[in-house]
Amino acid sequence: MSKKNRKLFSTRSQKYKKSIEECTNIIATSPFWIHFSETIKVELNGSNPSSILCYGLGNFFESIQSKYQLGLLLTIKNEFKVKNCYVYDPKFTDAERSHLAEMGCVSLCENEEGKRSLLPGTFVYMPHCPKQLLNNLLWANWNKEILTSCLIVCNSIDQTVTSTLDRILDKYAYYVKKISPHVIEKKCCDDFIYDDVFNDMALHIFPDEKLKELENNFWEHGKEPLYDTDELEFITKFECMSFQS
């Protein structure tokens, strides 16, 4: 890279970083965050998350919605003093991954398609991710001890189930549908100053008192979810491999 291009790249990078810092400050001082953080604190009951897992931020250097969604991630990380924060989006650029590292976040190298085993106490943050990605995450963690220890912020499961035909749910979101009657939702993400950043999202709790009532056969682990690739709403690991090659 020439000296001129390096200077231009550095100037753009600083501009992006300042914009993200401004969005984070807006989040951290907003009534939205006051409400949301109090809800989280009640559910954590004096503890802090062991780690954060985030999918679906998109290109936050370019998208204003993604900037605010990253701002919320950083605010959660800072407020609850979470050291281990793992993020993945197949669209991240090298510059975005570098910025995340500066913010203390680890960019996962592999597209796991959401099929990542969670550690107890993980806070999962999936802004506007497709239902198949959540379905994969639930499949990979179909265990009441794990789920009861985790919190998930994502599109409302209740709204997903009630607005989707059963045949579509059975095909693309079987585990989302199966767990839906046993989840408690706190819809605390709909009062931000911009209505297209956190709309339709909710904090999901998997209460022990509800899950322990379920029979053992409820937790039988089925086959790995597979979908018709031409109807997928997320980028598969095979597509990522083709990009890299």
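Residues numbered from 1 in each chain as written. Predicted model: local features only at pLDDT ≥ 70, side-chain atom pairs only at ≥ 80, totals over all residues. Heavy atoms only, no water.

1. A look at the packing of helix H2 (residues 31-44) against helix H3 (residues 64-79)
Between two packed helices, what matters for the description is the angle formed by their axes and the separation of those axes. Quick reminder of the rule: To get an axis, fit a line to the C-alpha atoms, keeping to the stretch in contact for a helix; angles then go from 0 to 180 degrees between the N-to-C directions. Here a helix means four or more residues in a row that DSSP labels H or I, a strand means two or more in a row labelled E, and each is numbered from the N terminus. Any angle that falls under 35 degrees is termed roughly parallel, while one over 145 is termed roughly antiparallel, one within 65 to 115 roughly perpendicular, and all others oblique. By the definition used in this description, the sense in which the near helix is turned from the far one sets the handedness, with an anticlockwise turn below a right angle giving left-handed and a clockwise turn giving right-handed. Any pair of residues with heavy atoms lying within 4.5 Å of one another is described as a contacting pair. Think of it as three bins: nonpolar holds Ala, Val, Leu, Ile, Met, Phe, Trp, Tyr, Cys and Pro, charged holds Asp, Glu, Lys and Arg, and polar takes everything else, Gly as well.
Close contact between H2 and H3 brings their axes to 12 Å; oriented N to C, the two are set at 50°. With respect to each other, H2 and H3 are oriented oblique. Between H2 and H3 lies a crossing whose hand is right-handed. Touching Phe32, Trp33, Phe36 and Lys41 of H2 are Leu72, Thr75, Ile76 and Glu79, all from H3. For the contact of H2 with H3, the class distribution of residues is 5 nonpolar, 1 polar and 2 charged.

2. So, a nonpolar patch on the surface
Definition in use: The residues that make up patches have over 30% relative accessible area and no salt bridge, and they are joined within 9 Å when like-charged or within 5 Å when they are Val, Leu, Ile, Met, Phe, Trp or Tyr. Surface exposure here means Shrake-Rupley accessible area, sampled with a 1.4 Å probe, where a residue is shielded only by the protein chains that are shown. Each salt bridge in this description consists of a side-chain nitrogen of Lys or Arg and a carboxyl oxygen of Asp or Glu lying within 4 Å of one another.
Judged by side-chain polarity, Ile26, Ile193 and Tyr194 come together as a nonpolar surface patch covering roughly 290 Å² of accessible area. Along the chain, Ile193 turns up in the loop between strand S6 (184-186) and strand S7 (201-205).

3. Side note on the pattern of salt bridges
So the rule is basically this: Each residue is assigned to one of three classes by its accessible area relative to the maximum for its type, calculated with a 1.4 Å probe on protein chains only: buried under 20%, partly exposed between the two thresholds, exposed over 50%.
For the structure on display, the rule yields 10 salt bridges. Measuring nitrogen to oxygen at the nearest pair gives 3.0 Å for the salt bridge that ties Lys17 to Glu102. Of this pair, Lys17 sits in helix H1 (residues 3-28) while Glu102 sits in helix H4 (residues 94-102), and the two are 85 residues apart along the sequence. The exposure class of Lys17 is buried, given its relative accessible area of 19%. Residue Glu79 pairs with Lys41 through a salt bridge whose shortest N-O separation is 3.3 Å. A residue pair is termed long-range when its members are at least 10 positions apart, and Glu79 in helix H3 and Lys41 in helix H2 qualify at 38 residues.

4. Topic: the state of the cysteines
Operational definition: Defined by distance alone, a disulfide is two cysteine sulfur atoms within 2.5 Å.
Considering all chains together, one arrives at 0 disulfides under this definition. No disulfide involves Cys129; its sulfur sits 7.4 Å from that of Cys54, the nearest cysteine.

5. What about the sheet that holds S7?
The condition is simple: DSSP calls a pair of strands paired once it identifies at least 2 bridges connecting them.
Spatially, S3-S2-S1-S4-S5-S7-S6 is the arrangement adopted by the 7 strands of the open sheet, whose pairing is mixed. The open sheet is flanked by strand S3 (106-107) and S6, the only strands paired with a single partner. Judged from the 3 bridges that link them, S6 and S7 form a sheet pairing that is antiparallel. Pairing of Lys186 across the sheet is with Leu203, part of S7.

6. Points about helix H5 (residues 131-140)
Burial runs high along H5: 9 of the 10 residues are buried. Of all the residues in H5, the buried ones are Lys131, Gln132, Leu133, Leu134, Asn135, Asn136, Leu137, Leu138 and Trp139.

7. A look at the pairing of strand S5 (residues 151-155)
Within S5, 4 of the 5 residues are buried, which leaves it mostly tucked inside the rest of the structure. When strand S4 (residues 122-125) meets S5, the two strands line up parallel, connected through 3 bridges. Looking at S5, one finds that Tyr125 is bridged to Val153. Sheet topology note: the S5/S7 ladder contains 5 bridges and is antiparallel. Its bridge partner being in S7, Asn155 is matched across the sheet by Met201.

Don't take any of this as a statement about function, it's just geometry.
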